[in-house]
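This is what each chain is made of:
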Amino acid sequence: MLNLEIITPEKTVVKDEVDLVEATGADGEFGIMPGHTQFLTTLRIGEIRYKKNGETTYLASSGGFAEVVDDKVTLLVDTSETAKEIDVERAKKAMERAESLLKTMSYDHTEYLLYEMALLRAIARIGVASKKL
Amino acid sequence: MATLRDIKRKIGSVNSTQTITRTMKMVSASKLRRAQTELEKIKEYALKMEALTGRVVKNMPEDAHPLLAAREEAKKVLIVSIGSDRGLCGGFNANVALTAENFARQNRDTYERVGMYVFGRKIRDYLGKRKADIVKDWVDIKKVDQELVDTVAEELIGLYLSGEFDKIYLSYTYFASAVRQEVVFEEFIPIKTPEEAEYVDYICEPERIQIVESLIPRYISTKIYYSLIESQTSEHAARMSAMENATNNCGEMVRYLTLVYNKRRQEGITNEMLDIVGGAEALRGT
């Protein structure tokens, strides 16, 4: 069993024994199962999944850090929302706004990155929210 | 000599003071509760972040990152002192200010310059009066939020990297419990690896140094945020107990004054009676 902790500055989101954790790291998606080697990575905006007793829980996160030591998985993330907490309408609006702004903006614009992040966050949220059904 | 009416007036004034202190105590109590929930939220994250940073930077070569390397000659140090804008909270502000002042005095010969980076009007005024070298002061902070913390973190990192200061200390009041708060004074930048942190040979994605680069600014801003919240919580707790004491003292004073008042009144009556009896006696004699 893995000892999973997902902590944001707002609260401890998850503190549980789970079978499998998957998230998006700096170099792509990774999965953690019991017995994993010591591992450290930065997390990108995206989905976090964990499986417990065959049931998968999805979370949308906006990046942070992940550490695996001795079957203890600690994810320090900026935000993390479960499918239930996500306001899909808002995320869709945010996505549309970011998309239209990005289309008109040049790549080297100072706020380009900001909107790109907003877009990624919105996509992650919508992705997680759609798994609810 | 205080007349009866003076004493009575005094009792009235102490009573109304007591009403104020009692109200302030209750206000602080409810603010403390709110601050405590706020503190609970961030605490876990801040502690984990600190521990993680400790583990990750352990055994890193010192020159790997500019915020890790201790400068050989620390000539100019900066003290970040966190206090509050309002007084009436016992020794809360004085303790933090004194810590900074004492440090500056004790190390006057060691360091060329001891700068102060101050949060809160009270500490600013205190240190300002003593002609301390105040680099920056933050007063009237409405709400501690990410934006504020990021600005502060950026400024501190800038002050360090530009060479304006060689070492930065952080001083705030740690909220141990509602009745006990302690002043913390610790080295902040460059980041020191705690002795007890164990070295873990991670597989890193991306390179360890890249993780360190993104982790350190995050750690610094988290630490500042956390210290500010700790300090705020302590402030309310300190004010609550200060006001509780004040309320009790007022009660004691009223009791004492009432006693004096009654004694004085009785004395007056006795004197008057003596006068009457004396007068009557004198009349009877004739």
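Worth saying up front: this structure is predicted, and the values here are computed from it rather than measured.

### Some points on the overall build of chain A
So, step 1. Broken down by element type, chain A carries two helices and eight strands.
So, step 2. Put simply, chain A runs from its N terminus to its C terminus through helices and strands in the order β-β-β-β-β-β-β-β-α-α.
So, step 3. Against the 2.2 N^0.38 benchmark of 14 Å for 133 residues, chain A shows a C-alpha radius of gyration of 16 Å, consistent with a compact globule.
So, step 4. Along the three orthogonal principal directions, the C-alpha set of chain A runs to about 50 × 30 × 25 Å.
So, step 5. By residue count, 35% of the 133 residues in chain A fall in the buried class.
So, step 6. For chain A, restricting intrachain contacts to residue pairs at least 6 apart in sequence, the fraction spanning at least 24 positions comes to 53%.

### Describing the domain arrangement of chain B
Residues and elements named next belong to chain B.
So, step 1. Partitioning chain B into domains gives domain 1 (4-21 + 243-285) and domain 2 (24-241).
So, step 2. Spacing between the C-alpha centres of domain 1 and domain 2 amounts to 53 Å.
So, step 3. Residue-level contacts link six residues of domain 1 with six residues of domain 2.
So, step 4. Taken together, the elements giving at least two residues each to the side of domain 1 that touches domain 2 come down to α1 (4-57) and α5 (208-285).
So, step 5. In terms of residues, the side of domain 1 that touches domain 2 owes the most to one element, α5, which gives four residues.

### With respect to the interface of chain A and chain B
Interfaces are frequently sized by the accessible area removed from exposure as the parts join.
So, step 1. Every contact between the two is made by 20 residues of chain A and, on the other side, 18 residues of chain B.
So, step 2. Residue contributions to the side of chain A that touches chain B peak at four residues, all from strand β5 (residues 39-52) of chain A.
So, step 3. Residue composition of the side of chain A that touches chain B, by class: eight nonpolar, eight polar and four charged.
So, step 4. Here three bridges tie β5 of chain A to strand β6 (residues 203-205) of chain B, and the two strands are oriented parallel to one another. Its bridge partner being in β6 of chain B, Phe 39 of chain A is matched across the sheet by Ile 203 of chain B.

### Here's the deal with the domain arrangement of chain A
Residue and element names in this part refer to chain A.
So, step 1. Partitioning chain A into structural domains gives domain 1 (2-83) and domain 2 (85-130).
So, step 2. The distance between the C-alpha centroids of domain 1 and domain 2 comes to 23 Å.
So, step 3. Listed as interface residues are ten residues of domain 1 and, on the opposing side, ten residues of domain 2.
So, step 4. Counting only elements with at least two residues in the side of domain 1 that touches domain 2, the list comes to β5, β6 (55-69) and β8 (80-82).
So, step 5. No other element matches β6, which puts four residues into the side of domain 1 that touches domain 2.

### Some thoughts on the environment of Ser 227 of chain B
Residue and element names in this part refer to chain B.
So, step 1. Structurally, Ser 227 is set in helix α5.
So, step 2. Residue Ser 227 is classed as buried on the basis of its C-beta count, with 24 C-beta atoms lying within 10 Å.
So, step 3. Expressed as a C-alpha distance, the spacing of Ser 227 and Glu 101, which sit 126 residues apart in the sequence, is 19 Å.
So, step 4. If we ignore the near neighbours within four places in the chain, the residues touching Ser 227 are Ile 82, Leu 170 and Tyr 172.

### Comments concerning the pairing of strand β3 (residues 20-25) of chain A
All names here are of chain A.
So, step 1. Where β3 meets β5, five bridges bridge the pair, whose relative direction is antiparallel. By the bridge assignment, Leu 20 is partnered in β5 with Lys 51.
So, step 2. With five bridges connecting them, β3 and strand β4 (residues 28-32) associate as antiparallel partners. From the neighbouring strand, Glu 22 faces β4, where its bridge partner is Gly 31.
So, step 3. Here β3 folds back onto β4 in antiparallel fashion, the turn holding two residues.

### A word on the nonpolar core
So, step 1. Judged by nonpolar contacts, the single largest core of 82 residues is most densely connected at Leu 75 of chain A together with Ile 79, Val 80 and Ile 168 of chain B.
So, step 2. Among the elements that take part in this core, α5 of chain B stands out by supplying eleven residues, more than any other.
So, step 3. Beyond its immediate chain neighbours, meaning those up to four positions away, Val 80 of chain B contacts Tyr 117, Ile 168, Tyr 169, Leu 170, Ser 171 and Phe 188 of chain B.
So, step 4. Formed by ten residues, the second largest nonpolar core is a distinct cluster that contains Cys 89, Phe 175, Ala 237 and Ala 238 of chain B.

### What to know about the sheet that holds strand β3 (residues 133-138) of chain B
Residue and element names in this part refer to chain B.
So, step 1. Across the sheet, which stays open at both edges, the five strands sit in the order β3-β2-β1-β4-β5 with mixed pairing between neighbours. Unpaired on one side and paired on the other, β3 and β5 (180-189) mark the two borders of the sheet. The average angle at which neighbouring strand axes cross in this sheet is 20°, direction not considered.
So, step 2. Here strand β1 (residues 76-82) runs beside strand β2 (residues 113-119); their pairing, made up of seven bridges, is parallel. Paired with Ser 81 across the strands is Val 118, a residue of β2.
So, step 3. Set on the sheet, α5 makes contact with β1, β4 (167-177) and β5; between it and β4 the angle comes to about 45°.

Thresholds, definitions, all that
- Residues numbered from 1 in each chain as written.
- Chains lettered and ligands numbered in written order.
- Predicted model: local features only at pLDDT ≥ 70, side-chain atom pairs only at ≥ 80, totals over all residues.
- Helix = DSSP H or I, 4+ residues; strand = E, 2+ residues; numbered from the N terminus.
- Rg over C-alpha atoms; globule rule 2.2 N^0.38 Å.
- Buried ≥ 20, exposed ≤ 12 C-beta atoms within 10 Å, placed from the backbone.
- Contact = placed C-beta atoms within 7 Å.
- Domains from an automatic or database assignment.
- Nonpolar A, V, L, I, M, F, W, Y, C, P; charged D, E, K, R; others polar.
- Pairing = 2+ DSSP bridges.
- Core = buried A, V, L, I, M, F, W, Y, C linked by C-beta atoms within 7 Å.
- Axes fitted to C-alpha atoms, helices over the stretch in contact; angles between N-to-C directions.

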